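# Summary of the model geometry
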Amino acid sequence: MEEIKITRAATLKEKPESSTLVFGKNMTDHMFLVDYDEGQGWHDPRIVPYGPLQIDPAAKVLHYAEEIFEGLKAYRTADGSIQLFRVMDNIQRMNDSADRLCLPQIPAELAMAGITELVKLEQDWVPHEKDTSLYIRPFMIGLDAALGVHSSHHVQFIVIVCPVGAYYPEGLNPVKIYIEDEDVRAVKGGTGMAKTGGNYAASLRAGNRAEKKGYTQVLWLDGVHRKYIEEVGAMNVMFKVAGKILTPDLNGSVLPGITRRSCIQLLKDWGYDVEERRISAQELFDAAENGTLEEAWGTGTAAVVSPIGELAEGDKKVTINNNEIGPVTQRLYDELTGIQWGRVADPHNWITKVC
Ligand SMILES: *Cc1c(COP(=O)(O)O)cnc(C)c1O
C-alpha cells in the first residue's frame, strides 16, 4: 500500500466544549482522501487540511447520487486510549454498498489505514466526557464529469470526523414513532440494503411530515404490501413480544445494521429467542392490545439503542412499557456502550485499538 502523505493544517481550530456539540457540525482540522481511476486503481492516499472539495458541476454524484457512506465512532477509554467498534464490518458493508452502486471496491487495509491514521492525527479531538465520541464518516463519490448516466471511472474515498456529544444528554427518553403509510424508504431490488445518500433524500418528506405531527421518527413499512415493518427512521428496529425478540429479517430492503447484528448476538448470548422475520404493523397493534408488546427500540451507531414509547398509525395509538425504557433495552444500551467505551469485557473481539 502506498504511504499516506500528510499535509498539516497551518492553524488549528479551537476545540468546542463537549456540552455544546451538535451532532455532525464540528468538523476537525484534517480529512483523508484517496483517488481511484479505472486502469490505475486507488492512488495518492493523503491527509490534508479539512476544507471544501473542488468538484466539477457535471460530476455524477451531484446529479445521479452516485454516493455511499458509512458511520462509526472512535471511543475514548478510561485509560485515555482510543478504540473503534467493529470497524471491519463497516468497511465490508461499504464494499457491499459499492457493489450495488457500481462503485469500485476499496481494499480493507486502505480504508482501515485512512480511518486509523486520521483518528490518530486528530486524537486530541476525541472528547473525554462520558458518552461522547468522535464520529467517523467515510464516504465514496463518483466524480466523472459528464451528464450521461454511467458509472464513474474516477472516484474518491474520503473520511471526515467530528466530535459528538451524548446522544441523550438527559438520559434515554423514549421516542414517539409514526407509521408512514404513503412514502416508502426502499423496495426489494432497490437500494435499501446499501448505505447510499439517495435513500435519505427520499426519506425526508415522510420525516418532515411525522415531525409536524409531533413524532420523532417514521416507522417504515415494506414497499410492496405496505404492511410489514422495515426500519425506524435511519435505525433498525426490534420488539419484545411475549418474552421473545422480534426484528425484521434482512430481506433486501432493510439496511444490515452493525448495531442490529451486535444486539442480536448479545440477546442470543443472554438466552433470548430472536426471530428475524416479517412482522406486520397489525401484529404489533394486536400484541399491544393483548398486553404482550413489552418493549420496542431502534438500533444504530449514533444512538446505540433508542427506546420507543409510542407507536401511531392514522388515529390508532399505543403506548409501550408506560412510555419508559424497558429492562432489555436498558441492558443492551449498558452492555454495548460498556464494550464501546472499554468499561466491560469484549468477548466477541469487536474492539480495535487505534492509539
Ligand atoms: C446506518 C443505518 C442503520 C444502522 O446501522 P448501524 O450499522 O447500526 O449504524 C440502520 N438503517 C439505516 C437506513 C441506516 O442508514
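Residues numbered from 1 in each chain as written. Predicted model: local features only at pLDDT ≥ 70, side-chain atom pairs only at ≥ 80, totals over all residues. Heavy atoms only, no water.

Turning to the site of the ligand, a few remarks are in order. What surrounds the ligand is a group of 14 residues, the closest being Lys195, Tyr200, Glu231, Thr259 and Thr301. Lys195 places a polar side-chain atom, nitrogen or oxygen, 2.7 Å from an oxygen atom of the ligand. In the environment of the ligand, an oxygen atom lies 2.6 Å from a nitrogen or oxygen atom belonging to the side chain of Thr259. Considered class by class, the residues forming the shell around the ligand number five nonpolar, five polar and four charged. (Near = heavy atom within 4 Å. Polar contact = N/O pair within 3.5 Å; in protein donor to acceptor, adjacent residues only side chain to side chain. Nonpolar A, V, L, I, M, F, W, Y, C, P; charged D, E, K, R; others polar.)

Within the element layout of this structure, Thr329 appears in helix 7 (residues 327-340). A relative accessible area of 1% means that Thr329 is categorised as buried. Leaving out residues up to four positions away in the same chain, Thr329 has contacts with Glu295, Ala296, Trp297, Val305 and Pro307. (Helix = DSSP H or I, 4+ residues; strand = E, 2+ residues; numbered from the N terminus. Buried < 20%, exposed > 50% of the residue type's maximum accessible area, 1.4 Å probe, protein only. Contact = heavy atoms within 4.5 Å.)

All right, on to the packing of aromatic side chains then. Taken as a whole and assessed by the stated rule, the structure comprises seven aromatic pairs. A ring pair is formed by Phe23 and Tyr135, whose centres lie 5.0 Å apart and whose planes are at 65 degrees; its orientation type is edge-to-face. Of the two residues, Phe23 sits in the loop between strand 1 (5-6) and strand 2 (30-37) while Tyr135 sits in strand 7 (residues 133-142), which places them 112 residues apart along the sequence. Geometrically, the ring pair formed by Tyr178 and Tyr215 is tilted, given 5.3 Å between the ring centres and 55 degrees between the ring planes. Note that Tyr178 is positioned in strand 9 (residues 175-179) and Tyr215 in the loop between helix 4 (197-212) and strand 10 (217-221), a separation of 37 residues in sequence. On the basis of relative accessibility, which here comes to 8%, the residue Tyr178 falls in the buried class. Take Tyr215: its relative accessible area is 7%, and that puts it in the buried class. When the ring centre of Tyr215 is taken as reference, the NZ or CZ atom of Lys176 above it lies at 5.1 Å. Directly above the aromatic system of Phe285 lies the positively charged group of Lys316, at a separation of 4.5 Å from the ring centroid. (Phe/Tyr/Trp six-rings, centres within 6.5 Å; stacked < 30°, edge-to-face > 60°. Lys NZ or Arg CZ within 6 Å of the ring centre and 35° of its normal.)

Within the fold, Asn236 resides in strand 12 (residues 236-241). Given a relative accessible area of 3%, Asn236 falls into the buried group. Polar side-chain contacts of Asn236 include one of 2.8 Å to the backbone oxygen of Leu255. Apart from residues no more than four positions distant in its own chain, Asn236 is found in contact with Glu231, Val254, Leu255, Gly257, Arg260, Trp297, Gly298 and Thr299.

Turning our attention to the pairing of strand 16 (residues 304-313). Sheet faces and side chains relate simply in a regular strand, where the side chains alternate between the two faces. Within strand 16, 10 of the 10 residues are buried, which leaves it mostly tucked inside the rest of the structure. Bridge count for strand 9 against strand 16 is four bridges, and the pairing is parallel. Residue Val175 lies in a different strand from strand 16, and its bridge partner there is Ile308. Inspection of the sheet shows strand 15 (residues 293-300) paired to strand 16 by four bridges, in the antiparallel sense. Paired with Trp297 across the bridge in strand 16 is Pro307. Here strand 16 runs beside strand 17 (residues 316-319); their pairing, made up of four bridges, is antiparallel. Its bridge partner being in strand 17, Glu313 is matched across the sheet by Lys316. Where strand 16 folds back on strand 17, the antiparallel hairpin that results is connected by two residues, among which Gly314 adopts a positive phi of roughly 55 degrees. (Pairing = 2+ DSSP bridges.)

What follows deals with the domain arrangement of the chain. Per the domain assignment, the segments making up the chain are domain 1 (5-164) and domain 2 (175-340). Taking only C-alpha atoms into account, the centre of domain 1 sits 27 Å from that of domain 2. Contacts between domain 1 and domain 2 engage 20 residues on the former and 22 residues on the latter. The contact between domain 1 and domain 2 buries some 1800 Å² in all, and 57% of this surface belongs to carbon and sulfur atoms. Applying the counting criterion to the domain 1 and domain 2 interface returns one salt bridge. (Domains from an automatic or database assignment. Buried area = accessible area lost by both parts, 1.4 Å probe. Salt bridge = Lys/Arg side-chain N within 4 Å of Asp/Glu carboxyl O.)

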